[in-house]
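Chain by chain, the residues:
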Amino acid sequence: MARRPRRLTEHELAHWADYVREVRPLSGRAPPARPPAGAMPTPAPQATPKAPPGSPPPPSYLATGARPPGLDNASWNRFRDGKLPPSRTLDLHGKTADRAFHALEKFLRAAYADRVRCVEIITGRGSGEHGGIIRRELPLWLNLQSLRPLILAAAHPHRANQGATRLLLRRVK
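Notes on the structure in this doc start here. The structure displayed is predicted, hence computed values, not measured ones.

In this section: the nonpolar core. Most often, soluble globular proteins have nonpolar side chains that are buried together. Counting residues in hydrophobic clusters, the biggest one holds 22 residues, and the most contacted among them are Leu 104, Leu 108, Val 119, Ile 121, Leu 142, Ile 151 and Leu 167. Contributions of two or more residues to this core are made by helix 3 (97-113), strand 2 (118-122), helix 4 (133-142), strand 3 (151-155) and strand 4 (164-169). Contacts of Leu 108, omitting those with residues within four sequence positions, involve Val 119, Leu 142, Leu 147, Leu 150, Ile 151, Leu 167 and Leu 169. In terms of nonpolar packing, the next biggest core, distinct from the first, is built from nine residues, Leu 71, Trp 76, Ala 153 and Leu 168 among them.

So, in C-alpha coordinates, the structure goes:
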(Lines give C-alpha, C1' and ligand atoms only; values in the text may rest on other atoms or scores of the structure.)
Protein backbone atom coordinates (compact mmCIF):
# COMPACT_ATOMS: atom_id res chain seq x y z
CA MET A 1 0.00 0.00 0.00
CA ALA A 2 1.47 3.34 -1.04
CA ARG A 3 1.84 6.07 1.59
CA ARG A 4 0.13 9.35 0.96
CA PRO A 5 2.59 12.23 0.92
CA ARG A 6 2.19 14.72 3.74
CA ARG A 7 1.12 18.30 3.04
CA LEU A 8 3.65 21.12 3.20
CA THR A 9 3.23 23.65 5.98
CA GLU A 10 3.04 27.35 5.22
CA HIS A 11 6.54 27.69 6.66
CA GLU A 12 7.89 25.02 4.27
CA LEU A 13 6.09 26.64 1.34
CA ALA A 14 7.67 29.99 2.17
CA HIS A 15 11.13 28.38 2.25
CA TRP A 16 10.44 26.74 -1.11
CA ALA A 17 9.41 30.08 -2.60
CA ASP A 18 12.62 31.70 -1.31
CA TYR A 19 14.66 28.87 -2.77
CA VAL A 20 12.93 29.02 -6.15
CA ARG A 21 13.56 32.77 -6.43
CA GLU A 22 17.32 32.17 -6.31
CA VAL A 23 17.41 29.20 -8.71
CA ARG A 24 18.41 29.85 -12.28
CA PRO A 25 16.91 27.13 -14.49
CA LEU A 26 19.00 25.24 -17.01
CA SER A 27 18.77 26.49 -20.56
CA GLY A 28 15.59 25.31 -22.23
CA ARG A 29 13.88 24.45 -18.93
CA ALA A 30 11.11 26.18 -17.03
CA PRO A 31 11.71 27.35 -13.42
CA PRO A 32 10.48 24.97 -10.71
CA ALA A 33 6.86 25.50 -9.79
CA ARG A 34 5.63 26.18 -6.28
CA PRO A 35 3.72 23.19 -4.90
CA PRO A 36 0.02 23.80 -4.23
CA ALA A 37 -0.82 24.88 -0.67
CA GLY A 38 -3.05 21.88 0.06
CA ALA A 39 -0.81 19.28 -1.57
CA MET A 40 0.53 17.84 1.65
CA PRO A 41 -1.04 17.47 5.13
CA THR A 42 0.32 19.31 8.13
CA PRO A 43 1.63 17.02 10.85
CA ALA A 44 -0.63 16.46 13.84
CA PRO A 45 0.61 18.08 17.06
CA GLN A 46 2.26 15.64 19.46
CA ALA A 47 0.46 15.12 22.75
CA THR A 48 2.62 15.76 25.81
CA PRO A 49 2.45 13.08 28.47
CA LYS A 50 0.61 14.18 31.59
CA ALA A 51 1.58 13.36 35.15
CA PRO A 52 -0.83 11.14 37.09
CA PRO A 53 -3.36 13.05 39.19
CA GLY A 54 -2.19 13.77 42.72
CA SER A 55 1.53 13.57 41.85
CA PRO A 56 3.71 16.53 42.86
CA PRO A 57 4.66 18.97 40.11
CA PRO A 58 8.13 18.48 38.63
CA PRO A 59 10.83 20.64 40.23
CA SER A 60 11.62 23.88 38.46
CA TYR A 61 14.89 24.50 36.63
CA LEU A 62 17.87 24.56 38.98
CA ALA A 63 19.95 27.70 38.44
CA THR A 64 23.27 28.02 40.25
CA GLY A 65 23.12 30.95 42.65
CA ALA A 66 19.34 31.44 42.56
CA ARG A 67 17.35 30.98 45.78
CA PRO A 68 14.76 28.25 45.28
CA PRO A 69 11.22 28.53 46.57
CA GLY A 70 10.72 26.87 49.94
CA LEU A 71 14.09 27.89 51.40
CA ASP A 72 14.17 30.70 53.97
CA ASN A 73 16.55 33.64 53.55
CA ALA A 74 18.77 32.79 56.54
CA SER A 75 19.39 29.22 55.31
CA TRP A 76 19.91 30.43 51.77
CA ASN A 77 22.41 33.09 52.83
CA ARG A 78 24.39 30.59 54.94
CA PHE A 79 24.46 28.16 52.04
CA ARG A 80 25.26 30.72 49.34
CA ASP A 81 28.01 32.42 51.36
CA GLY A 82 29.76 29.10 51.97
CA LYS A 83 29.10 29.07 55.72
CA LEU A 84 27.27 25.75 55.52
CA PRO A 85 30.15 23.24 55.28
CA PRO A 86 29.78 20.34 52.86
CA SER A 87 29.59 16.88 54.43
CA ARG A 88 31.04 15.20 51.35
CA THR A 89 33.10 16.30 48.37
CA LEU A 90 33.40 14.83 44.88
CA ASP A 91 36.40 15.82 42.77
CA LEU A 92 35.82 15.32 39.05
CA HIS A 93 39.29 16.50 37.90
CA GLY A 94 40.86 14.28 35.27
CA LYS A 95 37.70 12.34 34.45
CA THR A 96 36.09 12.07 31.06
CA ALA A 97 32.62 13.59 30.80
CA ASP A 98 31.02 10.14 30.73
CA ARG A 99 32.86 8.91 33.82
CA ALA A 100 32.28 12.21 35.60
CA PHE A 101 28.52 11.97 35.00
CA HIS A 102 28.31 8.41 36.32
CA ALA A 103 30.44 9.33 39.36
CA LEU A 104 28.20 12.35 40.02
CA GLU A 105 25.02 10.30 39.76
CA LYS A 106 26.36 7.60 42.11
CA PHE A 107 27.69 10.22 44.55
CA LEU A 108 24.42 12.19 44.72
CA ARG A 109 22.25 9.10 45.14
CA ALA A 110 24.48 7.81 47.96
CA ALA A 111 24.54 11.20 49.71
CA TYR A 112 20.77 11.53 49.43
CA ALA A 113 20.25 8.00 50.76
CA ASP A 114 22.56 8.80 53.70
CA ARG A 115 20.52 11.97 54.40
CA VAL A 116 23.48 14.27 53.76
CA ARG A 117 22.34 17.89 53.47
CA CYS A 118 25.26 19.71 51.75
CA VAL A 119 27.79 18.35 49.25
CA GLU A 120 30.45 19.96 47.08
CA ILE A 121 31.27 19.07 43.48
CA ILE A 122 34.69 20.18 42.24
CA THR A 123 34.85 20.47 38.47
CA GLY A 124 37.86 22.74 38.18
CA ARG A 125 37.90 25.97 36.26
CA GLY A 126 38.94 24.37 32.98
CA SER A 127 41.20 25.81 30.32
CA GLY A 128 38.55 27.02 27.87
CA GLU A 129 36.98 30.45 27.69
CA HIS A 130 33.84 29.22 29.48
CA GLY A 131 35.55 26.54 31.55
CA GLY A 132 36.08 22.86 30.89
CA ILE A 133 33.55 20.38 29.56
CA ILE A 134 32.60 19.04 32.98
CA ARG A 135 32.06 22.54 34.36
CA ARG A 136 29.83 23.44 31.40
CA GLU A 137 27.89 20.18 31.57
CA LEU A 138 27.30 20.13 35.35
CA PRO A 139 24.21 22.44 35.30
CA LEU A 140 22.67 20.29 32.57
CA TRP A 141 23.35 17.09 34.50
CA LEU A 142 21.88 18.52 37.69
CA ASN A 143 18.65 19.36 35.84
CA LEU A 144 18.16 15.88 34.43
CA GLN A 145 14.93 14.18 35.39
CA SER A 146 16.82 11.51 37.34
CA LEU A 147 18.87 13.93 39.49
CA ARG A 148 16.80 17.13 39.79
CA PRO A 149 14.37 15.78 42.44
CA LEU A 150 17.33 15.16 44.80
CA ILE A 151 18.64 18.74 44.74
CA LEU A 152 17.12 21.79 46.39
CA ALA A 153 19.70 24.47 45.54
CA ALA A 154 23.10 25.05 43.95
CA ALA A 155 25.64 27.81 44.51
CA HIS A 156 29.33 28.52 44.14
CA PRO A 157 30.95 28.70 47.60
CA HIS A 158 32.92 31.77 46.53
CA ARG A 159 32.18 34.14 43.66
CA ALA A 160 35.80 34.07 42.50
CA ASN A 161 35.86 30.25 42.35
CA GLN A 162 33.54 28.99 39.64
CA GLY A 163 35.29 25.59 39.63
CA ALA A 164 33.35 24.29 42.63
CA THR A 165 29.61 24.00 43.15
CA ARG A 166 27.87 23.30 46.43
CA LEU A 167 24.58 21.49 46.39
CA LEU A 168 21.92 21.58 49.05
CA LEU A 169 20.10 18.26 48.87
CA ARG A 170 16.43 17.85 49.65
CA ARG A 171 15.41 16.23 52.88
CA VAL A 172 14.35 12.59 52.62
CA LYS A 173 10.62 12.28 53.28
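Okay, back to it.
We now examine the packing of aromatic side chains. Applying the stated criterion across every chain, the model contains two aromatic pairs. Summarising the aromatic geometry, the rings of Trp 76 and Phe 79 are spaced 5.8 Å apart at their centres and angled 50° between planes, so their arrangement reads as tilted. Of the two residues, Trp 76 and Phe 79 are both situated in helix 2 (residues 73-80); the distance of three residues between them amounts to about one turn of the helix. Taken individually, Trp 76 and Phe 79 each receive the classification buried, so the pair is uniform in this respect.

Analysis parameters
Residues numbered from 1 in each chain as written. Predicted model: local features only at pLDDT ≥ 70, side-chain atom pairs only at ≥ 80, totals over all residues. Heavy atoms only, no water. Core = buried A, V, L, I, M, F, W, Y, C linked by side-chain atoms within 4.5 Å. Buried < 20%, exposed > 50% of the residue type's maximum accessible area, 1.4 Å probe, protein only. Helix = DSSP H or I, 4+ residues; strand = E, 2+ residues; numbered from the N terminus. Contact = heavy atoms within 4.5 Å. Phe/Tyr/Trp six-rings, centres within 6.5 Å; stacked < 30°, edge-to-face > 60°.

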